[in-house]
Each structure stands twice: as C-alpha cells, then as structure tokens.
Amino acid sequence: MNIKIAIVDDNMFLINAVKEKLSFFEELNFKFSAMNGSELLIQLEGNSNLDLILMDIEMPVLNGIETTEIVKQKYPHIKIIMLTVFDNDENIFNAIKAGADGYLLKEINAKDLYNGILETLNGGAAMNPSIAMKTLKLLRNPMAIENPDDKEDIQLTQREIDVLEQLSKGLNYNKIAENLILSSGTVRKHIENIYRKLQVHNKLEAVQKAKKNNLI
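Notes on the structure follow. (Residues numbered from 1 in each chain as written. Predicted model: local features only at pLDDT ≥ 70, side-chain atom pairs only at ≥ 80, totals over all residues. Heavy atoms only, no water.)

### Some details on the overall build of the protein chain
Right, so step 1: Helices and strands together make up the secondary structure of the protein chain, namely ten helices and five strands.
Right, so step 2: Taking 2.2 N^0.38 as the reference for a compact globule, 216 residues should give roughly 17 Å; the C-alpha atoms of the protein chain span a radius of gyration of 18 Å, in line with that estimate.
Right, so step 3: Its C-alpha atoms give the protein chain principal-axis dimensions of about 50 × 40 × 30 Å.
Right, so step 4: The buried share of the protein chain, reckoned over its 216 residues, is 49%.
Right, so step 5: Taking all contacts inside the protein chain whose residues are at least 6 apart in sequence as the whole, residues at least 24 apart take part in 64%. (Helix = DSSP H or I, 4+ residues; strand = E, 2+ residues; numbered from the N terminus. Rg over C-alpha atoms; globule rule 2.2 N^0.38 Å. Buried < 20%, exposed > 50% of the residue type's maximum accessible area, 1.4 Å probe, protein only. Contact = heavy atoms within 4.5 Å.)

Pasting the structure below:
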C-alpha cells in the first residue's frame, strides 16, 4: 500500500512536525507541501496524483476551508483531513460544508493520525472525540454556531509578544534568549506566563491561539 499525501500549512516548523509523524509508517508517502491554498492548487495542476491532503485552516492568500471547496470540485478523488488547532464550531461547520472528509487536531499523536488517515481513505470520517461531539451538537442545533468575530481579551506584555513571535519561527529557548538578549531562565518564565494567559499547554497551541487573536 502506497498512500500519497500532501501537507498544507503556512508554518514550515509545523509541516516538518507532521512529516515526522508520517515517517513512522512506510505506506505513508509524503509527496509535497504547500504554504497556502493557492500554492497547493498550482502544484495540483502539475500533479493531482494524490490520495489525501492534510489541510491547515488559517493560512494567508487562500485559507484551508476555501481551498478544500475548490479541491473537492476539481479533484473529487482526493480525500482531505483538516489538521488544525482550531476546534471552534464555525470552523468545523464550514469545513464540513466545504467537503472535508475528516477533522483532526494538530496535537494528535502519530499512531492516531495514521489510523485517521486509513479510516478516511476507507470511507470513514476521522475526527478527534471532542470534534465529533461538537459536530453532533451542530447537527442537532446548527443555530448554535459560535461567532467567529468573538476575540478573547488576552493581555500580553510586549516582551511576551516578542517571545511568542520567536516561538512561532520554531526556535528553541536558547536561540530565543540569544535573539532577545535574555537569559534562558527568563525566556522560560515568559513562556510559562504566556501559556497561563492563553490557557494553553504547549507552544503549538500558544502560537495558533495568538494568531487567532491577532497577537502576532
């Protein structure tokens, strides 16, 4: 079995993280990546011989939901799993409407991602349990979709924003400390404060939530 996969994400650090998860399974064959939907569509014009796309949602130029709708119209044979940190009702609802075949969160481990890919290719709909519950809720009450314009009131200091921007580039604590002329301990303390204020547990969640709320 040779499953041909593309990854679409505007963060190369996250693309590499997903590629690493795929690399544990011989039958998962990573073909190419794209930094936004427009770049993906250009690559598909040259070669649409893919089985599945792992699609981020929030991207510049052409976001994942808009891209999914176009890909499904032009290349209906390609399965699409949304791979994102955003589990809000609006994104789930719009992704399903656009034709997404699955919806997984980026924190998923390699084995569960593999199983989700196989499930989707076999005609199922791969979803994290929390996403499945939200989907059921939306089906029961589609009027209950959250307002996507509701931004949280998160107050970060300028230095915390500086650290977040460095984190978003995939840099480690020591490199961030060097770039910002801080000690590693101070950087670690800033990151602890960032996690607490954003109510997240890791840097991936922190960066995505900060982008969602226009902090970086």
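### Quick look at the packing of aromatic side chains
Aromatic ring pairs are described here by two measures, namely the spacing of the ring centres and the angle between the planes.
Right, so step 1: One pass over the structure, following the stated rule, counts one aromatic pair.
Right, so step 2: With 4.2 Å between their ring centres and 5° between their planes, Phe25 and Tyr114 make a pair best called stacked. A residue pair is termed long-range when its members are at least 10 positions apart, and Phe25 in the loop between helix H1 (12-22) and strand E2 (28-34) and Tyr114 in helix H5 (residues 110-121) qualify at 89 residues. Comparing Phe25 with Tyr114 shows no difference in burial state: the two are buried. (Phe/Tyr/Trp six-rings, centres within 6.5 Å; stacked < 30°, edge-to-face > 60°.)

### What about the packing of H1 against H5?
Right, so step 1: Following both chains from N to C, one finds H1 and H5 inclined at 80°, their axes separated by 9 Å at the closest point. Between H1 and H5, the angle is such that the two are roughly perpendicular. Touching Val18, Lys21 and Leu22 of H1 are Ala110, Leu113 and Ile117, all from H5.
Right, so step 2: When its residues are assigned to classes, the contact of H1 with H5 shows five nonpolar, no polar and one charged. (Axes fitted to C-alpha atoms, helices over the stretch in contact; angles between N-to-C directions. Parallel < 35°, antiparallel > 145°, perpendicular 65-115°, else oblique. Nonpolar A, V, L, I, M, F, W, Y, C, P; charged D, E, K, R; others polar.)

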